[in-house]
2 protein chains.
Amino acid sequence: MTEVKVDPRIIRTRKLIMDAFMQLVMKKEFKDITIKDITTGATINRATFYYHFTDKYDLLDAVLTENLMTNVLSEIMEHDELNKETLTQIFLSVTKFQTDLSNQCRRSFEAFTSTIEKKLKDALLGIFSNLLRDSYEIEEELCHISAVMLTWAIYGATIDWQQNSQQSPEAYMELALPILMKMYDHPIHF
Amino acid sequence: MTEVKVDPRIIRTRKLIMDAFMQLVMKKEFKDITIKDITTGATINRATFYYHFTDKYDLLDAVLTENLMTNVLSEIMEHDELNKETLTQIFLSVTKFQTDLSNQCRRSFEAFTSTIEKKLKDALLGIFSNLLRDSYEIEEELCHISAVMLTWAIYGATIDWQQNSQQSPEAYMELALPILMKMYDHPIHF
DNA sequence: CAGTTTTTGTCGTTTATACGACAGATAGTG
DNA sequence: CACTATCTGTCGTATAAACGACAAAAACTG
């Protein structure tokens, strides 16, 4: 597929930087992590950092897409029909990802949420759009609006569960599911 | 102490090469390991190998002194008196090192023995010379000869135990010890 | 608030590594 | 034995990484 030959030095150094960053993020607060901390942990020169990333936010973005979120993103994307099971599994994938990462990076997780939200919503919008377009006879515009609101609704549910709910994600989903399903079950136009 | 600043790239690349080599040596026979095998495992360019080592024998030498033999060599060196216990512990250190490494590198160990023998004898000669010179009133020449023969005798014993003995190293040593001790217990000259 | 220290980006120069190519040496094959 | 393929060691060139220095920004301190 996309087999561009990348200089092995770049692969190694990027990995050194990312690994060092992930180590730091598990103990320190994101805002207290300096570039020097990262490059020291990676045993590379500080100037080299800027050869790979513009700043630590850029690095965070790369670490999320290339490491921390790869599993949850591929789990979200692997469904091929929009139904009960798909919605439930997506909800479970996202909530599990969030609780796991927040446990792993107790001090830094808060700083990640905004970037994570953006990436997850992108993924959700993408999969919902595709599934609606493929499986239902809906005009493009309606399809888009449904996907947008499904995305925000299910993502909002994961946040609410995380912050306000005492019950299991499965139990929470039993309440949310009927509402979500009504959002895309449009009568077919003639 | 000897704190010369070494370019971190050199440290990292040397480690990559050595680690890859140690991985290979655990499964393959030394003579069947090519430079390409090593550099592929280390994810470095083949030409870079020659920047660090002249050939795979040079690499083997470095891996032995800097990794595989560091423990046994420091165990040998840490004694400060020539007596029963010292000789026994040295014998046990060496035999344990040999059996462990030979189990770890079943196919390659045979190719290592000559280099290992050289290094171990150097260490043994060094420690025996020092201990004899410090603790006994012996002329330098006698001291040297005693150290040489002690070295060969105890090293030969480890090889014999390894190849021909069914008993425990401790039991073997009970027989060898009295002979070894006679080798340096010279009457003091007046 | 002023004064100090730390951190951030950036730059120029030096060094290490990547890469492809090469001839000679070794090994494998019919 | 000849033939082919693989491996070795070396070279020149391009790129990445190291290093020290710098000014500006940010954070800290009294």
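Position numbers for residues start from 1 in each chain and track the written sequence from start to end. Each chain takes a letter, starting from A, and each ligand takes a number, starting from 1, following the order in which they are written. Only residues with pLDDT of at least 70 are given local features in this predicted model, and only at 80 or more are side-chain atom pairs given and counted; all residues enter the totals for whole chains, interfaces and linings. Note: side-chain values were computed over all heavy atoms of the structure, leaving out hydrogens and water.

**Focus on the overall build of chain A**
Link 1 in the chain: In this text, helices come from DSSP runs of H or I with a minimum length of four residues, and strands from runs of E with a minimum of two, each type numbered from the N-terminal end. Counting its secondary structure elements, chain A contains 9 helices and 0 strands.
Link 2 in the chain: Its helices and strands taken in sequence order, chain A reads α-α-α-α-α-α-α-α-α from the N to the C terminus.
Link 3 in the chain: For the C-alpha atoms alone, the extent of chain A along its principal axes is close to 65 × 45 × 20 Å.
Link 4 in the chain: For every residue, the accessible area (1.4 Å probe, protein chains only) is compared with the maximum for its type, and the residue is labelled buried under 20%, exposed over 50%, or partly exposed between those bounds. Expressed as a percentage of the 190 residues in chain A, the buried residues total 41%.
Link 5 in the chain: Contact criterion: two residues are considered in contact whenever any of their non-hydrogen atoms come within 4.5 Å of each other. Once local pairs closer than 6 in sequence are excluded, the contacts in chain A between residues at least 24 apart make up 68%.

**Thoughts on the protein's contact with DNA strand D**
Link 1 in the chain: Throughout this document, a residue counts as near a molecule or strand when at least one of its heavy atoms sits within 4 Å of that molecule or strand. Looking at DNA strand D, there are 22 residues lining it, with Arg9(A), Thr48(A), Tyr51(A), His52(A) and Arg46(B) nearest.
Link 2 in the chain: Here, DNA strand D places atoms within 4 Å of the protein, and 65% of those atoms are sugar or phosphate.
Link 3 in the chain: Side-chain atoms alone can form a polar contact between residues adjacent in sequence; in general such a contact is a pair of N or O atoms within 3.5 Å, and within protein one must be able to donate a hydrogen while the other accepts it. In the environment of DNA strand D, a phosphate oxygen lies 2.9 Å from a nitrogen or oxygen atom belonging to the side chain of Thr13(A).
Link 4 in the chain: Elements with a minimum of two residues in the surface near DNA strand D: helix H1 (8-27) and helix H3 (46-52) of chain A together with helix H1 (8-27), helix H2 (35-41) and helix H3 (46-52) of chain B.
Link 5 in the chain: For the surface near DNA strand D, the class distribution of residues is 8 nonpolar, 6 polar and 8 charged. Residues were grouped as follows: Ala, Val, Leu, Ile, Met, Phe, Trp, Tyr, Cys and Pro as nonpolar; Asp, Glu, Lys and Arg as charged; and all remaining residues, including Gly, as polar.

**Considerations on a nonpolar patch on the surface**
Residue and element names in this part refer to chain B.
Link 1 in the chain: Surface patches are drawn from residues lacking salt bridges whose relative accessible area is over 30%; two like charges belong together within 9 Å, two nonpolar side chains (Val, Leu, Ile, Met, Phe, Trp, Tyr) within 5 Å. Using a 1.4 Å probe, the Shrake-Rupley method yields the accessible areas, and only the shown protein chains count as cover for residues. Every case where a carboxyl oxygen of Asp or Glu lies within 4 Å of a side-chain nitrogen of Lys or Arg is listed as a salt bridge. Together, Val-6, Ile-10, Ile-11 and Tyr-51 give the surface a local cluster of nonpolar side chains, amounting to about 400 Å² of exposed area.
Link 2 in the chain: Tracing the sequence through the fold places Tyr-51 in helix H3.
Link 3 in the chain: Residue classification places Tyr-51 among the exposed residues on the basis of a relative accessible area of 65%.

**Observations concerning the protein's contact with DNA strand C**
Link 1 in the chain: DNA strand C sits among 22 residues. The nearest are Arg9(A), Thr13(B), Thr48(B), Tyr51(B) and His52(B).
Link 2 in the chain: Interatomic distance of 3.1 Å between a backbone N/O atom of Ile35(A) and a phosphate oxygen of DNA strand C.
Link 3 in the chain: Take the surface near DNA strand C: its biggest share by element is 5 residues, from H3(B).

**Observations concerning the confidence of the model for chain A**
Reading predicted coordinates in detail is not appropriate for stretches of low pLDDT.
Link 1 in the chain: Mean pLDDT over chain A works out to 94, with 96% of the residues at or above the 70 mark.
Link 2 in the chain: Model confidence for the complex: the whole-complex pTM is 0.90, and ipTM, which rates the interface, is 0.88. The quantity known as pLDDT measures the predictor's confidence residue by residue, on a range of 0 to 100.

**Considerations on the side chain of Gln98(B)**
Residues and elements named next belong to chain B.
Link 1 in the chain: The residue Gln-98 is located in helix H6 (residues 84-104) in this model.
Link 2 in the chain: For Gln-98, a relative accessible area of 2% translates into the label buried.
Link 3 in the chain: Within the structure, the side chain of Gln-98 is placed 3.5 Å from the side chain of Tyr-155, a separation counted as a polar contact.
Link 4 in the chain: The residues touching Gln-98, leaving out its near neighbours within four places in the chain, are Phe-109, Leu-120, Tyr-155, Thr-158, Ile-159 and Gln-162.

**Let's talk about the environment of Lys182(B)**
Link 1 in the chain: Tracing the backbone shows Lys182(B) in helix H9 (residues 169-182).
Link 2 in the chain: Residues Lys182(B) and Leu150(B), spaced 32 residues apart in sequence, show a C-alpha to C-alpha distance of 9.9 Å.

**Remarks on the interface of chain A and chain B**
Link 1 in the chain: At the junction of the two partners, chain A supplies 6 residues and chain B supplies 5 residues.
Link 2 in the chain: Summed over both partners, the accessible area lost on bringing two parts together, with a 1.4 Å probe, is the buried area. Taking both partners together, chain A and chain B bury about 360 Å²; carbon and sulfur atoms supply 48% of that area.
Link 3 in the chain: Along the contact surface separating chain A from chain B lie 0 salt bridges.
Link 4 in the chain: Between the two partners, chain A and chain B, sit 2 residue pairs in polar contact (both at pLDDT 80 or more).
Link 5 in the chain: A breakdown of the residues in the side of chain A that touches chain B according to their chemical character gives 4 nonpolar, 1 polar and 1 charged.

**As for helix H5 (residues 70-77) of chain B**
Residues and elements named next belong to chain B.
Link 1 in the chain: For H5, the set of buried residues is Val-72, Leu-73 and Ile-76. For H5, the angular spread of buried residues about the axis comes to 100°, placing them on one side.
Link 2 in the chain: In this structure, the buried side of H5 is in contact with H6 and helix H7 (109-135). Here the arc refers to the directions that run from the helix axis out to each C-beta atom.

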